[in-house]
Amino acid sequence: MNRGKLLPNSNHRPWFRFIWQWQGSVIPAILPRVSACAFFALGVTCLYYFGINVALPLKSGLVPSIVLGLLLVFRTNTAYERYWEGRKLWGTLINTVRNLSRTIWVIIKENDSSDRTEKITTLKLLIAFAIATKLQLRSEPVNEELERFLPQEGYNKLCTMSHPPLEIAFWIGDYLQQQYEKQAIDSYQLTAMFKLLDTMVDVLGACERILKNPIPLAYTIHLKQLVLLYCLTLPFQFVDELGWMTAPIVALISFTILGIEAIGIEIEDPFGYDANDLPLDQICYTMDRNIEDLITLDPSVSYFQENQPQ
Amino acid sequence: MNRGKLLPNSNHRPWFRFIWQWQGSVIPAILPRVSACAFFALGVTCLYYFGINVALPLKSGLVPSIVLGLLLVFRTNTAYERYWEGRKLWGTLINTVRNLSRTIWVIIKENDSSDRTEKITTLKLLIAFAIATKLQLRSEPVNEELERFLPQEGYNKLCTMSHPPLEIAFWIGDYLQQQYEKQAIDSYQLTAMFKLLDTMVDVLGACERILKNPIPLAYTIHLKQLVLLYCLTLPFQFVDELGWMTAPIVALISFTILGIEAIGIEIEDPFGYDANDLPLDQICYTMDRNIEDLITLDPSVSYFQENQPQ
Amino acid sequence: MNRGKLLPNSNHRPWFRFIWQWQGSVIPAILPRVSACAFFALGVTCLYYFGINVALPLKSGLVPSIVLGLLLVFRTNTAYERYWEGRKLWGTLINTVRNLSRTIWVIIKENDSSDRTEKITTLKLLIAFAIATKLQLRSEPVNEELERFLPQEGYNKLCTMSHPPLEIAFWIGDYLQQQYEKQAIDSYQLTAMFKLLDTMVDVLGACERILKNPIPLAYTIHLKQLVLLYCLTLPFQFVDELGWMTAPIVALISFTILGIEAIGIEIEDPFGYDANDLPLDQICYTMDRNIEDLITLDPSVSYFQENQPQ
Amino acid sequence: MNRGKLLPNSNHRPWFRFIWQWQGSVIPAILPRVSACAFFALGVTCLYYFGINVALPLKSGLVPSIVLGLLLVFRTNTAYERYWEGRKLWGTLINTVRNLSRTIWVIIKENDSSDRTEKITTLKLLIAFAIATKLQLRSEPVNEELERFLPQEGYNKLCTMSHPPLEIAFWIGDYLQQQYEKQAIDSYQLTAMFKLLDTMVDVLGACERILKNPIPLAYTIHLKQLVLLYCLTLPFQFVDELGWMTAPIVALISFTILGIEAIGIEIEDPFGYDANDLPLDQICYTMDRNIEDLITLDPSVSYFQENQPQ
Amino acid sequence: MNRGKLLPNSNHRPWFRFIWQWQGSVIPAILPRVSACAFFALGVTCLYYFGINVALPLKSGLVPSIVLGLLLVFRTNTAYERYWEGRKLWGTLINTVRNLSRTIWVIIKENDSSDRTEKITTLKLLIAFAIATKLQLRSEPVNEELERFLPQEGYNKLCTMSHPPLEIAFWIGDYLQQQYEKQAIDSYQLTAMFKLLDTMVDVLGACERILKNPIPLAYTIHLKQLVLLYCLTLPFQFVDELGWMTAPIVALISFTILGIEAIGIEIEDPFGYDANDLPLDQICYTMDRNIEDLITLDPSVSYFQENQPQ
């Protein structure tokens, strides 16, 4: 049941549990960089104790921490917006698949059982569209995950094409146009369903936009330079005051700063397999289940007709 | 009357009254953590007075307070946007239910009294959709709250299904399609009502999106780590200067910081039963009342016809 | 003329004039709280001069001012967004009333003069909808302001109903449906006008959403606690340094901080009668005037026909 | 040619050139206020050297600079959003005029040459709508700029009306309805064009909303008070340390702060004639040229028919 | 294959590699300004060692770094929003071209092979629209890049016109209207396709809006003045403390500040040829390839008919 699958709300997990969580945190990513900063600080401290005057008595720091802080938060903010936009797009995809499948199921007139079979084939194409989009976003080839939602020939054809989701959208559109020509739907209903199909293609295009356009390069480079500059000048400012404590404290501060920067990198491309990425597989599975539920309902024997004779 | 139920505006309550309010504040949630920080500070102070040199003469703090402040506010901001988006979605649901019910009531032609009965059954399905969405968001099973808005068989059927709101949407769509086949509405009106129904399903999907996608885990973990680091290094910086005052002052500062973090946790999932969550029960009740009002109005004997003979 | 009514742009008022403006400023609201802080500071100073060691030599302040500043600005920002969203909604209402009234006036076919009378009655219902919404948002009962836009019976009926704007929307929808049945408009035009009517009901619902959902309580309480904590700990930090100047300076600082918090409270509910609230009466009056202008234009004798014979 | 008119990108102008630019900068606006602050600081310095103890040894400043900074940036941000929304609205107006004129030109059937003349008259009404909106936003009366886009009688009529753009919208709508009655377009096309006309009226209403609703007064007043308080307390903090350098340095700091506040005032009402306002005249001229280009194209002899015989 | 062209995610590139990247960073742009600041600082240091008292013992800096930081980040933020809006618009253009081309290909009835040829000519006009928009945004004349998507006469005609994309939109609209007159599509389908065409013209207008409306001049000037003021007063504050280290440290700080300002300039106009601009050429190429793929699919022999006989 779907209700059982809702993620446990973070409200209900013990607060302190999160602190020690390794999986999903940025610690694995930043550990090498933090260590590098700590060793550098240790080196500076050694030089200091060997009597070389490396202390820099600058009170405010080379990179004003307010400026660095604002840049880091702006970076995280932007990355989060991309993550959230990606999630919204997949939410739109679920909704559109639900609406289009319900409309197809309820509206298109059936003359014989092959019409019903075609309908089911088309509903499966909707899921195939979502899965093909997922594979496209992950730069993966058409694979057997897609195969069970497609007729064999369709699958073979798809393996040879450059942009699978667009072909699937073409097939769905072509099916709807055929129903229109068979007068199973009228021109107005056709157009309304085409608009839902257009929305699905819009979602595909918008996800590709997020994937292919990272934060501008100039920004990424300058921020990395500032972060490194900030961390590497810390030992010179602290060594006079802190002595041998310099290295662990520089490690803690670079953990703070590098961690925030790493979060931005983690979440700005939300379509992969990381712990912090969107659960695309689960979303596709939800769509599949919703459509399987829909198929069990019988549109021609409606709810009210079942109900009123009794 | 609805007008009597408007929440008292915070403008009109005495300002100081809020200060001491326990219910709805984050104090119950953060008290254990604040106490832990205070006891830790007390321990550090004891060590200090036993002559162990624990004082850390670092002026700026390990975690720059600007960085922590920005992260906390960004966190709160994001959580508030989720809360507000959730509220907007339920506002859209109210509006759509109002618009769809008015359209059904005014437009669909009636031939005999059973048509009127079917209309009323369908208007109740709109409320059932809202209640089923609420239960779905709270991971609660179908219950008697839903029962009175559904025919008995519909209710029984629903108890066996995995995603109740979608089945209800199917029933509403199926009813509209039947009216179209009975020529009580034309194709164009059918499509316009389907669009309103699509909006209701969009709201459902968007609420599920908010529920199932918390703030990225990497962010949550890193922020908790920084908050703890900040609070636990405070005593070392203050003990030299403040002596026995260290513990109460560390308690006050951790109250500030942990409180902000707790607000974010409180409001990021707005569909529960907390004092800070959305009043979903009241919203469903408003919909119910609006539709009951609507049913008392008589669409076939219109306002103008009543009015002009006089 | 409307052009004469445009608010004088703040650009063109002398800059310094604003400084001393009492009306519309937050000073009346915060004066008691600022005085309380000043007297508290005076008390602390007295204790200090009586030789009691109340000075707290903490450099950075108990509540980091960066954190408090960010929270205050986030609060103001959120309140402003609510204010601006409220204004946008009323702007949408004006636009929709203009568009719907023009469409009704131009499109609906007239067979005899009673059709024209009905049209005018309906155009007045559009204004009645806006006024009823205004009254609803201010929790005021139906009153004579509404009376002159409604037929007498309609007014009497409305006095007995729980949600007047929704009834008026029902009457407008019912009128349009009648025109459709009289074939004065076709199904497509009916649906387009229903969509405009839906927009009006959406505005109503969204305004109610803003009114009934203040900033989350947890946030309001924590912010007030922090503001008070900040202001009340100031004297302890300053008394050693400033002596008898402590009280006036604490007064100035609390004026700054409490003033920002008070702005948020002022503008977060924009539908009342305060100097900082939206000019709802003027907006309703503008709608009324626009529709009276429209009625003077004669749609059947069109602009071009008047023009070309010459 | 339009391509030649694109503004030179700021990328390509020498960076230092901007520093000395007077026209378009806020310096003319803030010079008197900056001078006042400087003279006040000079007065304080004189008192100090006369031996009166005016120095205030407060380290952090009365108005915390973080709070003032955040408020100033929030103010500028809000003003910029209004500016940008205004620009977006005019962009929408250009687009809608382009789309509506192309649709009218291509779709409406012509039976004789007077139909073509009427089309051209209507296309000119679209430009007249934009110009009338511009005049309305600038509180200017109907003038000869509008005259050449209107038939003489239309112009005379307009001079007597209170809200010219709405009358022009009525004329356009009336023309479209006539074409529908002459069966030059069908009901569906009529409604689609009415929707574009509605968008134009929406733009008008939204621009009026921006114009008539400045930043809330409470906010404007409090910010001005804080800015003044900040600038006037600076000399007391600096005089002990800086001596006769106090006045120039206070001048520089007030230049910084007052300048940011002045930018907000400059751009929050973007419909005037200032160097920082939107180029409304140029936008209207672009529309005019686009429509003149359109008229030179011949819709009945289409592109493909010209092309294929060869 | 498209999948192979996805940009390598920044996640997967070595972190440190970015630090030394010259291409795409802002270093080339800011090097002269940074050098100027360093030489100025060197000059101040020389004066100081010649015994002239240039040291300014001001602790907090003339331009508060919090204010400057906030302004810089607001500037970068605004520029990024323009960049991202530009990208979104081109994403919308891709989606709309995909949807409109699929709709044309699937829906328009063909009577003979010349109809198919006309269809292909029109699909190429869609790409020509995108390319003409690109050229328009770059202020470049119509060139041979456009030629291969246009019939020869169309190309010649275009060379003489002032706003090429609008003429191409006219041709597409005219083609659709012809199909309507030939009854290859009905009025409803025509309007739906016109709406997609309107979206394409909206994208064009919105891109022109971004291009022609830079950040308000008053803002740009004031920010440059503050940045320069900040960098040029640094040596006076540091020389006493740092001696000959002043120049390199001032260089590093101005590198930080000027770099952030330069990022804003780089990305605020995203339609050029810089490394940080949008890949418009690649986007146009993607559209071309998608349409070539589409043409290989055969709409009259649909997917299902191929499939079911087996």
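Bear in mind the structure is a predicted one, so any value in this text is a computation, not a measurement. (Residues numbered from 1 in each chain as written. Chains lettered and ligands numbered in written order. Predicted model: local features only at pLDDT ≥ 70, side-chain atom pairs only at ≥ 80, totals over all residues. Heavy atoms only, no water.)

Another aspect to go through is the overall build of chain A. Tallying secondary structure elements over chain A gives twelve helices and zero strands in all. Of the regular secondary structure in chain A, the N- to C-terminal order runs α-α-α-α-α-α-α-α-α-α-α-α. Each principal axis of the C-alpha atoms in chain A carries an extent, and together these give about 95 × 45 × 30 Å. Put simply, of all contacts in chain A between residues at least 6 apart along the chain, 75% involve residues at least 24 apart. Accessible surface computed for chain A: about 10,700 Å², of which carbon and sulfur atoms make up 59%. Within chain A, the 32 negative side-chain charges are centred at a point lying 6 Å from the centre of the 26 positive side-chain charges. (Helix = DSSP H or I, 4+ residues; strand = E, 2+ residues; numbered from the N terminus. Contact = heavy atoms within 4.5 Å. Areas by Shrake-Rupley, 256 points an atom, 1.4 Å probe, with all protein chains shown as cover. Lys, Arg positive; Asp, Glu negative; His and termini not counted. Charge placed at Lys NZ, Arg CZ, Asp CG, Glu CD.)

So, about the environment of phenylalanine 40 of chain A. Residues and elements named next belong to chain A. Here phenylalanine 40 lies in helix H2 (residues 27–49). On the basis of relative accessible area, phenylalanine 40 is assigned to the partly exposed category, the value being 33%. On a C-alpha basis, the gap between phenylalanine 40 and aspartate 293 in space is 60 Å, while along the polypeptide they are 253 residues apart. Once you skip the residues sitting within four places of it in the chain, phenylalanine 40 turns out to touch Leu232, Pro235 and Phe236. (Buried < 20%, exposed > 50% of the residue type's maximum accessible area, 1.4 Å probe, protein only.)

To continue, consider a positive patch on the surface. A cluster of like positive charges, contributed by Lys88 of chain A, Lys88 of chain B, Lys88 of chain C, Lys88 of chain D together with Lys88 of chain E, occupies part of the molecular surface. Counting through the fold element by element, lysine 88 of chain A comes out in helix H3 (residues 65–107). (Patch = residues over 30% accessible without salt bridge, like charges linked within 9 Å, V, L, I, M, F, W, Y side chains within 5 Å. Salt bridge = Lys/Arg side-chain N within 4 Å of Asp/Glu carboxyl O.)

By the definition in use, this model includes 40 aromatic pairs over all chains. With a centroid separation of 6.2 Å and an interplanar angle of 10°, the aromatic rings of tyrosine 80 of chain A and tryptophan 84 of chain A are classed as stacked. Placement of the pair is tyrosine 80 of chain A and tryptophan 84 of chain A together in helix H3, with a separation of four residues, close to one helical turn. Each member of the aromatic cluster is reached from another via a ring pair, and the members are Phe74 and Tyr219 of chain A together with Tyr80, Tyr83 and Trp84 of chain E. For the cation-ring pair, arginine 138 of chain A lies above tyrosine 273 of chain A, with the distance from its terminal atom to the ring centre recorded as 4.1 Å. (Phe/Tyr/Trp six-rings, centres within 6.5 Å; stacked < 30°, edge-to-face > 60°. Lys NZ or Arg CZ within 6 Å of the ring centre and 35° of its normal.)

Further remarks concern helix H2 (residues 27–49) of chain B. What sets the pattern is the α-helix's 3.6 residues per turn: residues three or four places apart point alike. Along its 23 residues, H2 of chain B runs 31 Å from first to last C-alpha, staying within 8% of the 33 Å computed at 1.5 Å per residue. If you check which residues of H2 of chain B are buried, you get Ile27, Ile30, Arg33, Val34, Cys37, Ala38, Ala41, Val44 and Thr45 of chain B. Taken together, the buried residues of H2 of chain B touch helix H9 (217–242) and helix H10 (246–268) of chain B together with helix H9 (217–242) of chain C. (Expected span 1.5 Å × (residues − 1).)

Residue and element names in this part refer to chain A. Sequence positions flagged by UniProt for "transmembrane region" (unreviewed entry) are, in local numbering, residues 30–50, 56–74, 217–236 and 242–263. Segment residues 30–50 splits into 95% helix and 0% strand. End C-alpha atoms: 30 Å apart. In this annotation, residues 242–263 is assigned 86% helix and 0% strand; the end-to-end C-alpha distance for the span is 30 Å. (UniProt positions renumbered as here; feature names shortened; annotations may be inferred.)

Before going further, it helps to examine the relation of the copies chain E and chain A. In the superposition of chain E on chain A (RMSD 0.1 Å, axial shift 0.0 Å), the rotation amounts to 72°. Taken together, the rotation and translation relating the two chain copies correspond to the operation of a five-fold axis. Minimal C-alpha separation from the rotation axis in chain E is found for isoleucine 66 of chain E, amounting to 5.3 Å. Counting the interface residues of chain E, we find that no more than 5% of their copies in chain A are interface residues as well, pointing to two distinct contact surfaces. (Least-squares fit on C-alpha atoms with pLDDT ≥ 70 in both.)

All names here are of chain A. End to end, helix H7 (residues 164–181) covers 26 Å across 18 residues, agreeing with the expected 26 Å (1.5 Å per residue, within 8%). For H7, the tally of buried residues reaches 17 of 18 residues, placing the bulk of the element in the interior. Looking one or two residues beyond H7, the residue adopting positive phi is glutamine 183, at roughly 60°.

Now for the interface of chain E and chain A. Taken together, the 78 residues of chain E in the interface contact 85 residues of chain A. Of the roughly 7,600 Å² buried between chain E and chain A, counting both surfaces, carbon and sulfur atoms make up 64%. The interface formed by chain E and chain A holds two salt bridges in total. Put simply, glutamate 208 of chain A and arginine 98 of chain E hold a salt bridge, and the shortest N to O gap is 3.2 Å. (Buried area = accessible area lost by both parts, 1.4 Å probe.)

Turning to the interface of chain C and chain B, a few remarks are in order. It is common to give the size of an interface as the accessible area lost on bringing the parts into contact. Counting residues at the interface gives 84 residues for chain C and 78 residues for chain B. Contact between chain C and chain B buries roughly 7,500 Å² in total, counting both sides, with carbon and sulfur atoms accounting for 64%. One can count two salt bridges joining chain C with chain B. Here chain C is connected to chain B by twelve residue pairs in polar contact (both at pLDDT 80 or more). (Polar contact = N/O pair within 3.5 Å; in protein donor to acceptor, adjacent residues only side chain to side chain.)

This brings us to the arrangement of the chains. With respect to C-alpha atoms, chain A approaches chain C no nearer than 10 Å, and the pair has no contact. If you take every C-alpha in chain B and every C-alpha in chain D, the smallest gap between them is 10 Å, and the two do not touch.

Time to look at the confidence of the model for chain A. All names here are of chain A. Taken as a whole, chain A shows an average pLDDT of 84; of its residues, 90% reach a score of 70 or greater. When the elements of chain A are averaged for pLDDT, helix H1 (residues 2–5) gives the smallest value, 36, and helix H8 (residues 187–212) the largest, 92. Under a pLDDT of 50 for its full length, residues 1–11 has, in the predicted model, 28 contacts with residues more than four places off or in other chains. Considering only residues more than four positions removed or in separate chains, one finds that residues 301–310, a stretch of pLDDT under 50, has 23 contacts. In the predicted complex, the global pTM is 0.86; the interface-specific ipTM is 0.85. (pLDDT = per-residue confidence, 0-100.)

After a rotation of 72° and a shift along the axis of 0.0 Å, chain C superposes on chain B with an RMSD of 0.1 Å. Little of the interface of chain C is mirrored in chain B: 5% of its interface residues are interface residues there too.

Two numbers describe how H7 of chain A lies on helix H3 (residues 65–107) of chain E: the axes approach to 10 Å, and their chain directions differ by 40°. As far as their axial angle goes, H3 of chain E and H7 of chain A are oblique. Handedness of the H7 of chain A/H3 of chain E crossing: right-handed. Mapping the contact onto sequence places Leu166, Ala169, Phe170, Gly173, Asp174 and Gln177 of chain A in H7 of chain A and Arg98, Arg102, Trp105, Val106 and Ile107 of chain E in H3 of chain E. Along the lines of polarity and charge, the residues of the contact of H7 of chain A with H3 of chain E split into six nonpolar, two polar and three charged. (Axes fitted to C-alpha atoms, helices over the stretch in contact; angles between N-to-C directions. Parallel < 35°, antiparallel > 145°, perpendicular 65-115°, else oblique. Left-handed = near helix turned anticlockwise from the far one by under 90°. Nonpolar A, V, L, I, M, F, W, Y, C, P; charged D, E, K, R; others polar.)

Residues and elements named next belong to chain B. In the Ramachandran plot, glutamine 183 falls in the positive-phi region, its phi being about 60° despite a non-glycine side chain. On the secondary structure map, glutamine 183 appears in the loop between helix H7 (164–181) and helix H8 (187–212). A relative accessible area of 63% means that glutamine 183 is categorised as exposed.

With that out of the way, let us pick up the pattern of salt bridges. Here the structure, examined in full by the defined rule, presents 60 salt bridges over all chains. Lysine 134 of chain A is the salt-bridge partner of aspartate 281 of chain A, the closest N and O atoms lying 2.6 Å from each other. Pair noted here: aspartate 281 of chain A is in helix H11 (residues 280–296) and lysine 134 of chain A is in helix H4 (residues 113–137), with a separation of 147 residues, a long-range link. Taking the shortest distance from any N to any O, the salt bridge between aspartate 288 of chain C and arginine 148 of chain C comes out at 2.8 Å. With a gap of 140 residues between them, aspartate 288 of chain C in helix H11 (residues 280–296) and arginine 148 of chain C in the loop between helix H5 (144–147) and helix H6 (152–159) connect regions that are remote in the sequence.

Here the focus is a negative patch on the surface. A cluster of like negative charges, contributed by Glu81 of chain A, Glu81 of chain B, Glu81 of chain C, Glu81 of chain D together with Glu81 of chain E, occupies part of the molecular surface. Checked against the element boundaries, glutamate 81 of chain D lands in helix H2 (residues 65–107).

This paragraph deals with the packing of H2 of chain D against helix H9 (residues 246–268) of chain D. Residues and elements named next belong to chain D. Running from N to C, H2 and H9 cross one another at 20°; their axes reach a closest spacing of 8 Å. Classified by the angle between their axes, H2 and H9 sit roughly parallel to one another. For the pair H2 and H9, the crossing hand works out as left-handed. Here Leu68, Leu72, Arg75, Thr76, Ala79, Tyr80, Arg82 and Tyr83 of H2 lie close against H9, whose contacting residues are Ile257, Ile260, Glu261, Ile263, Gly264, Ile265, Ile267 and Glu268. Residues of the contact of H2 with H9, tallied by class, amount to ten nonpolar, two polar and four charged.

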